[in-house]
Amino acid sequence: MRPARNHPGWWAFIVHRLSGVGLALFLPAHFLVLGLALGGAAALDEFLRWSERPLVKAAEWGLVMLLAAHFAGGVRILALEFLPWREWHKALAAVAAAFALAAGLVFALAR
Amino acid sequence: MLRVAVWRGGAQGKLQEFEVPRRPSQTVLDVVTYIQRRLDSTLSYRFACRVGMCGSCAMTVNGKPRWTCRTHVDRVGGDGRLVIEPLANLPVVKDLVADLREFFDKWSRAGGRFHPTQARDADFARVRPDSRQRREADAGIECIGCAVCYAACDVVKWNPAYLGPAALNRAWTLANDPRDGAQRERVAAVAGDAGCHACHTMMSCTELCPKHLSPTRSIAGLKRATLGFALGEGES
Amino acid sequence: MSARNEARLWLAQRATAALLAPCVLVHLATLVFAVRAGLSAQAILERTHGSLAWGVFYSAFVLAAALHGAIGLRTVAAEWLGWRGAGADAASAFAGLALALLGLRAVAAVVL
């Protein structure tokens with residue numbers, strides 16, 4: 001990690017960017033899977049059975065984390081750009097990270 | 001003794017190793033000066049005031065852009081090793097000297113110049129120092145154009161046309177100056193992928209500015225100020 | 001692309017973000033409920049089949065996500081791949097269109 005980059009704002013940026021790219025690449029697959037329902041519930045069920053495998057479940061948790069992280073980082077950006085500037089805005093990166101972790105925890109425990 | 005690696009050459013070049021004696025209260029500028037005076041007089045570098053007022057001595061020290069006259073060796077050379085290179089995101093003239101022309105060209109392109117509207121015999125403009133606009137301008141007015149923020153910014157690195165944090169910060173201070181007569185032109189100048197809209201709020205500029213300014217804050221202001229432009233204001 | 005249109009893309013990115021924020025919260029909550037109830041086609045379709053509300057919600061979600069994602073990908077392509085200009089703009093427009101069409105198809109699949 002380049003020394004000039006090792007600070008919260010940069011971490012917030014890279015998480016937001018990578019999660020965004022990840023979600024954008026995932027979405028077509030998500031839409032295609034849901035589209036299986038066009039062939040009736042059975043077609044969708046077949047896929048859902050396949051998705052019970054632990055590796056797939058872990059990947060699903062990863063996707064939920066990506067969504068939560070991207071959401072949190074996005075809220076941070078909206079706050080920084082549209083709210084009148086306050087000193088505590090710099091702490092928003094930490095708040096965003098906390099939210100994403102909490103969301104991931106909730107999802108993991110819901111299983 | 002300090003082990004110091006110094007960039008030699010232009011865009012192509014290499015790091016040259018020197019051994020420099022450690023002294024109390026030594027700054028990185030002291031180290032560079034020692035090398036040039038006692039060890040290798042062919043080393044090229046810039047400095048002027050030596051006391052943290054002019055910004056001329058800005059270089060990359062152990063990966064971070066800093067004012068070398070205000071960087072104590074004790075704070076960065078913990079394990080006795082320093083790597084000193086020219087500022088990033090700028091062409092290298094020679095050794096530790098970077099070519100700042102594009103930095104200042106972008107300053108100009110961002111509308112970073114005051115446009116007067118009064119003749120010399122007009123009365124003084126009345127600007128309340130506690131007005132919201134003046135407080136916004138004052139928050140960014142102390143910039144001395146040292147290019148540390150420009151060197152730190154990854155958007156500058158990835159987007160060659162990006163005007164950069166310093167130029168946009170200056171544009172914001174002028175956008176908040178009611179005496180300036182070029183507000184519409186400036187709004188058009190700072191909008192778009194080369195302007196404020198390319199900023200991703202990474203905040204490396206704010207993190208590293210030696211004057212503790214926040215270009216991110218100024219750029220956020222410009223984003224709000226260009227909403228009208230985006231929605232079609234000033235359409236010919 | 002003109003600076004004004006680039007500024008408009010930025011605005012569209014922020015506007016869709018504002019729309020997506022509550023959609024994502026609803027979606028995350030729905031995911032947690034769905035996973036607890038057991039993930040099966042029947043459980044999912046029971047909830048969404050014939051529902052105008054879910055249809056409208058997910059359609060808006062899809063369109064906002066498609067536009068938001070396409071603009072985001074355009075920026076990433078420009079900054080990390082150096083891909084700029086008319087070709088890159090066309091590619092990101094295509095990506096947005098593809099996401100929108102695939103997404104609306106998926107909404108139709110679970111609602112109709």
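Note that the structure is predicted; figures quoted are calculated from it, not measured.

Draft legend 1. Molecular detail of the confidence of the model for chain C. Confidence along chain C averages 93 in pLDDT terms, with 100% of residues attaining 70 or more. This prediction of the complex comes with two scores: 0.93 for pTM and 0.91 for ipTM.

Draft legend 2. Structural detail: the packing of helix α1 (residues 3–37) of chain C against helix α3 (residues 52–80) of chain C. Residues and elements named next belong to chain C. The interhelical angle for the contact between α1 and α3, taken along N-to-C directions, is 140 degrees, at an axis separation of 9 Å. For the element pair α1 / α3, the angle class is oblique. The way α1 lies across α3 gives a crossing that is left-handed. Two secondary-structure elements touch here, α1 through Leu9, Ala12, Gln13, Thr16, Ala17, Leu19, Leu20 and Cys23 and α3 through Phe61, Ala64, Ala65, Leu67, His68, Ile71 and Gly72. Its residues assigned to classes, the contact of α1 with α3 shows eleven nonpolar, four polar and no charged.

Draft legend 3. Region of interest: the packing of helix α2 (residues 41–50) of chain A against helix α2 (residues 41–48) of chain C. The interhelical angle for the contact between α2 of chain A and α2 of chain C, taken along N-to-C directions, is 130 degrees, at an axis separation of 9 Å. As far as their axial angle goes, α2 of chain C and α2 of chain A are oblique. Residues Ala41, Leu44, Asp45 and Leu48 of chain A of α2 of chain A form the contact with α2 of chain C, whose participating residues are Ala41, Gln42 and Leu45 of chain C.

Draft legend 4. Seen up close, helix α1 (residues 28–39) of chain B. Residues and elements named next belong to chain B. Along its twelve residues, α1 runs 15 Å from first to last C-alpha, staying within 8% of the 16 Å computed at 1.5 Å per residue. Taken as a whole, α1 has its buried residues at Val28, Leu29, Val31, Val32 and Ile35. Angular distribution of buried residues about the axis of α1 spans 165 degrees; they occupy a single face of the element. Among the exposed residues of α1, those oriented more than 90 degrees off its buried face are Arg37 and Arg38. Tucked inside the fold, the buried residues of α1 contact β1 (2–9), β2 (13–20), β3 (58–61), α2 (73–76) and β5 (81–85).

Draft legend 5. A look at the interface of chain C and chain A. Chain C puts 27 residues into the contact, and the matching count from chain A is 29 residues. Contributions of two or more residues to the side of chain C that touches chain A are made by α1, α2, α3 and α4 (86–111) of chain C. With ten residues, the single largest contributor to the side of chain C that touches chain A is α1 of chain C. Among the residues forming the side of chain C that touches chain A, the class breakdown is 19 nonpolar, five polar and three charged.

Criteria and cut-off values
Residues numbered from 1 in each chain as written. Chains lettered and ligands numbered in written order. Predicted model: local features only at pLDDT ≥ 70, side-chain atom pairs only at ≥ 80, totals over all residues. pLDDT = per-residue confidence, 0-100. Axes fitted to C-alpha atoms, helices over the stretch in contact; angles between N-to-C directions. Helix = DSSP H or I, 4+ residues; strand = E, 2+ residues; numbered from the N terminus. Parallel < 35°, antiparallel > 145°, perpendicular 65-115°, else oblique. Left-handed = near helix turned anticlockwise from the far one by under 90°. Contact = placed C-beta atoms within 7 Å. Nonpolar A, V, L, I, M, F, W, Y, C, P; charged D, E, K, R; others polar. Expected span 1.5 Å × (residues − 1). Buried ≥ 20, exposed ≤ 12 C-beta atoms within 10 Å, placed from the backbone. Arc of directions from axis to C-beta.

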